[in-house]
Amino acid sequence: MEQLSDERIKNIINQYERKRMKEKERYELIRDTDDFKNKNRERARIHYQVNKEKKKEKYDNNRDFMNSRSSYYYYKKRDKLDIFKEKYPNKVKTLLENNIII
């Protein structure tokens, strides 16, 4: 693989920065237009409809973990982790399997 000179690296970085500035300026110009807002809303609506089942499936698969994590943070916030560990050993096990530090 060929090595890039310092000058070439600077040139690439400058090109990238100019491109990002132009994209940002373009976005600032069109972001408040009704057409842009409507297109964005429609795109988001379609994405939501297409991925609704995937989100539901992901939630169903991780329900126990999310419930355990929520309980863990509840007890942690109140400095009662020892009660949590005694009361819910199965939740502790679930958290350990998912690398949540207790």
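Above this text you will find the structure in question.
Notes on the structure follow. From a predicted model like this one, the values you see are computed outputs, not experimental measurements.

Reading guide: rules and limits
- Residues numbered from 1 in each chain as written.
- Predicted model: local features only at pLDDT ≥ 70, side-chain atom pairs only at ≥ 80, totals over all residues.
- Heavy atoms only, no water.
- Helix = DSSP H or I, 4+ residues; strand = E, 2+ residues; numbered from the N terminus.
- Rg over C-alpha atoms; globule rule 2.2 N^0.38 Å.
- Buried < 20%, exposed > 50% of the residue type's maximum accessible area, 1.4 Å probe, protein only.
- Contact = heavy atoms within 4.5 Å.
- Areas by Shrake-Rupley, 256 points an atom, 1.4 Å probe, with all protein chains shown as cover.
- Lys, Arg positive; Asp, Glu negative; His and termini not counted.
- Charge placed at Lys NZ, Arg CZ, Asp CG, Glu CD.
- Expected span 1.5 Å × (residues − 1).
- Axes fitted to C-alpha atoms, helices over the stretch in contact; angles between N-to-C directions.
- Parallel < 35°, antiparallel > 145°, perpendicular 65-115°, else oblique.
- Nonpolar A, V, L, I, M, F, W, Y, C, P; charged D, E, K, R; others polar.
- Polar contact = N/O pair within 3.5 Å; in protein donor to acceptor, adjacent residues only side chain to side chain.
- Phe/Tyr/Trp six-rings, centres within 6.5 Å; stacked < 30°, edge-to-face > 60°.
- Lys NZ or Arg CZ within 6 Å of the ring centre and 35° of its normal.
- Core = buried A, V, L, I, M, F, W, Y, C linked by side-chain atoms within 4.5 Å.

Across its full length, the chain holds 5 helices and 0 strands. Starting at the N terminus and ending at the C terminus, the chain contains elements arranged as α-α-α-α-α. Expected size for 102 residues packed as a compact globule is a radius of gyration near 13 Å; at 24 Å, the chain overshoots this value by more than 25%. Expressed as lengths along the three principal axes of its C-alpha atoms, the size of the chain is roughly 60 × 45 × 30 Å. Of all 102 residues assigned to the chain, the portion counted as buried reaches 12%. Considering only contacts within the chain whose residues lie at least 6 apart along the sequence, 35% involve residues at least 24 apart. Element-wise, carbon and sulfur atoms account for 49% of the exposed surface of the chain, whose accessible area totals about 9700 Å². Distance between charge centroids for the chain: 4 Å, based on 29 positive and 19 negative side chains.

This brings us to helix α3 (residues 63–77). In this model, α3 (15 residues) spans 21 Å end to end at C-alpha, consistent with the 21 Å of a helix rising 1.5 Å per residue. Looking at the buried positions of α3, the neighbouring elements they touch are α4 (81–87) and α5 (89–97).

It is worth spelling out the packing of α3 against α5 at this point. Direction vectors running N to C along α3 and α5 enclose 105°, while the axes themselves pass 9 Å from each other. Considering the angle they form, α3 stands roughly perpendicular to α5. Residue-level inspection shows Asp 64, Phe 65, Asn 67, Ser 68, Arg 69, Ser 71 and Tyr 72 of α3 in contact with α5, the latter providing Lys 91, Thr 94 and Leu 95. Tallied by class, residues from the contact of α3 with α5 come to 3 nonpolar, 4 polar and 3 charged.

Along the chain, Ser 71 falls in helix α3. Its relative accessible area of 15% is what places Ser 71 among the buried residues. For Ser 71, the side chain forms a polar contact with the side chain of Lys 91, separated by 3.1 Å. What Ser 71 contacts, discounting residues up to four positions off in sequence, is Phe 84 and Lys 91.

For any pair of aromatic rings, the description rests on two quantities: the centre-to-centre distance and the angle between the ring planes. Under the counting rule described, the total for this entry stands at 7 aromatic pairs. For the ring pair Tyr 75 and Phe 84, a centre distance of 5.5 Å and an interplane angle of 35° mean the geometry is tilted. For Phe 84, a relative accessible area of 0% puts it in the buried group. Measuring from ring centre to ring centre gives 5.8 Å for Phe 84 and Tyr 88, while their planes differ by 50°; the resulting arrangement is tilted. In this structure Tyr 88 comes out as partly exposed when scored by relative accessible area, which is 23%. Members of the aromatic cluster, each reached through a chain of ring pairs, are Tyr 72, Tyr 73, Tyr 74, Tyr 75, Phe 84 and Tyr 88. One cation-aromatic arrangement involves Lys 91 over Tyr 88; the distance from NZ or CZ to the ring centre is 4.4 Å.

Next up on the list: the nonpolar core. Counting residues in hydrophobic clusters, the biggest one holds 7 residues: Phe 65, Tyr 72, Tyr 75, Phe 84, Val 92, Leu 95 and Ile 100. Put simply, the parts of the chain that give this core at least two residues each are α3 and α5. It is α3 that contributes the most residues to this core, 3 residues altogether. Setting aside residues up to four positions removed in sequence, Leu 95 forms contacts with Phe 65, Ser 68, Arg 69, Tyr 72, Phe 84, Ile 100 and Ile 102.

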